[in-house]
Amino acid sequence: MTNATHPYDALMDITARPKAVFVRGAGSYLWDDSRKRYLDFVQGWAVNCLGHSPPAVADALSAQSRRLLTPSPAFYNEPSLKLAQALVETSCFDRVFFANSGAEANEGAIKLARKFGSVHKGGAFEIITFAGGFHGRTLATMSASGKKAFEPLFEPKVSGFKRATLNDIASVEALVTANTVAVMLEPIQGEAGVWPATDKFLQELRALTKAHGLLLVFDEIQTGMGRTGKLFHYEHAGVAPDIMTLGKGIGGGVPLAALLATEHASCFEHGDQGGTFNGNPVMCAAGLAVLEEVGKPEFLKAVTDAGLLLESELQKVSARHGLGEVRGRGLLLALDLKLPIAPAIVAQAFQEGVLLNAPQVDTLRFMPALNVTREEIAEMIDCLDAILTKAGAARRVA
Ligand SMILES: *Cc1c(COP(=O)(O)O)cnc(C)c1O
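Along each chain, numbering runs from 1 in the same order as the chain's sequence is written. Per-residue local features of the predicted model are confined to residues with pLDDT of at least 70, and side-chain atom pairs are confined, for both listing and counting, to 80 or more; whole-chain, interface and lining totals are unaffected and use all residues. Note that water and hydrogens are dropped before the side-chain values are worked out from all heavy atoms of the structure.

1. Side note on the pattern of salt bridges
Okay, so step 1: Salt bridge, as used here: a side-chain nitrogen of Lys or Arg that lies within 4 Å of a carboxyl oxygen of Asp or Glu. Going through the model one piece at a time under the given rule, you end up with 17 salt bridges.
Okay, so step 2: In this structure, R206 engages D242 in a salt bridge whose closest nitrogen and oxygen atoms are separated by 3.0 Å. You can see R206 sitting in helix α7 (residues 199–212) and its partner D242 sitting in the loop between α8 (234–237) and β11 (243–246), a full 36 residues away along the chain.
Okay, so step 3: Type-normalised accessible area, obtained with a 1.4 Å probe on protein chains alone, sets the label of each residue: buried when under 20%, exposed when over 50%, and partly exposed for intermediate values. What makes R206 buried here is its relative accessible area of 10%.
Okay, so step 4: When the shortest N-O distance is used, the salt bridge between E325 and R327 registers 3.1 Å.
Okay, so step 5: What makes E325 partly exposed here is its relative accessible area of 40%.
Okay, so step 6: Overall, the relative accessible area of 5% leaves R327 in the buried class. Going along the chain from the N terminus, every DSSP run of H or I of four or more residues is numbered as a helix, and every run of E of two or more is numbered as a strand.

2. Comments concerning the domain arrangement of the chain
Okay, so step 1: The assigned domain composition of the chain is domain 1 (55–294) and domain 2 (298–366 + 378–398).
Okay, so step 2: Measuring from the centre of the C-alpha atoms in domain 1 to the corresponding centre in domain 2 gives 29 Å.
Okay, so step 3: Contacts were defined at the residue level, with two residues in contact if any of their heavy atoms lie within 4.5 Å. Listed per partner, the contact involves 21 residues of domain 1 and 17 residues of domain 2.
Okay, so step 4: In short, buried area is how much 1.4 Å probe accessible area vanishes from two parts on joining, totalled over both. Surface buried jointly by domain 1 and domain 2 totals about 1,500 Å² across both partners, of which 57% is contributed by carbon and sulfur atoms.
Okay, so step 5: In terms of surface lost to domain 2, no three residues of domain 1 exceed V194, R227 and G229, which account for 31% of the buried area on that side.
Okay, so step 6: Applying the counting criterion to the domain 1 and domain 2 interface returns 2 salt bridges.
Okay, so step 7: Ionic pairing is found between D199 and R329, a salt bridge with its closest N-O pair at 3.0 Å.
Okay, so step 8: Here a polar contact means two N or O atoms within 3.5 Å. Within protein one must be a hydrogen donor candidate and the other an acceptor candidate, and residues neighboring in sequence count only if both atoms are side-chain atoms. Here domain 1 and domain 2 share 10 residue pairs in polar contact (both at pLDDT 80 or more) between them.
Okay, so step 9: Elements with a contribution of two residues or more to the side of domain 1 that touches domain 2: β9 (195–196) and α9 (281–294).
Okay, so step 10: A per-class count over the side of domain 1 that touches domain 2 returns 7 nonpolar, 9 polar and 5 charged. Each domain span listed reflects an automatic or database assignment of domains. Gly is put with the polar residues, along with every residue not named as nonpolar or charged; the nonpolar set is Ala, Val, Leu, Ile, Met, Phe, Trp, Tyr, Cys and Pro, and the charged set is Asp, Glu, Lys and Arg.

So, in structure tokens, the structure goes:
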């Protein structure tokens, strides 16, 4: 016997969801249980970097699941060794710890920074993060985030975080004390509405953290794995952080995340870090299939080209309808609407079979599959253009 009166009611009601139940996905398209088709520019929140159910990931999952699901996190397994090796070879880092979610990877980054403080910096533990930043939904990562809506929640927070202002190096410098051990940020603030740190600011941060012996931590959970046209965003600015976290795209649709560190920063001792499913072979096999594809120079070039096309099409839409700027890099872009109409546009687009995201009431965010086609971009732009035309006509009548 259950008290739930409808299958929806058996799930905790943690967010507003449309009633459609999604049953199938392929590439840039999703289908619901009434067979309605949707063009997807959300892709599981920038997760499905190769689109829905890509054959390479599905094949890797099915082959590995028949071979070995998990031996134990206290034993080595082949896919996790191979993926760690591949990540080390394609990045500026030397060591990898796999996790099951972005928040868990960031939780690991925070712990690693605090450990570094206790081993190398006389117990320094404070981490400077940024207003508007988002690092996840565990207690420590909510505490590290600079999201206004989180402020009153789940008090008392985890202490030891101080908030600076993005692209303002003086605001960071002013917070550095003998207790500071690290600076942590997203190179592009995704959830806040796609607000990029400038390359110059990232370079200034690297210089400042070096001068004070602090760790520089990049949360590349949204910007990593080719999303911005480079495998990792830090390459754009030519700075090498000490610690980086990956999530979302790295699994191509399955729960996989990673904490990467240089040899110098990699100071966990036995007993400090672990987790039952961390580095399990099935998820790591998916990660290998993703990295093999996304890491190809021609793939990254195509992401850059698709990003430039989407950006210029959004700029044309903005000019036609008198909207604001287009922000972001590669295939992580936002359109500033200058009016609080983003949720209404998302709802209308849903009706018309296009999935969009509104990280803020006046902002649309675009995070399609990294292999999105020109035709799919044109289809989304046509739909958005038509909705904005109708919305504009309605405003003029009102
Ligand atoms: C999504 C996201 C996270 C949290 O990842 P989860 O897998 O949801 O825990 C952390 N940081 C950034 C920048 C993100 O975009």
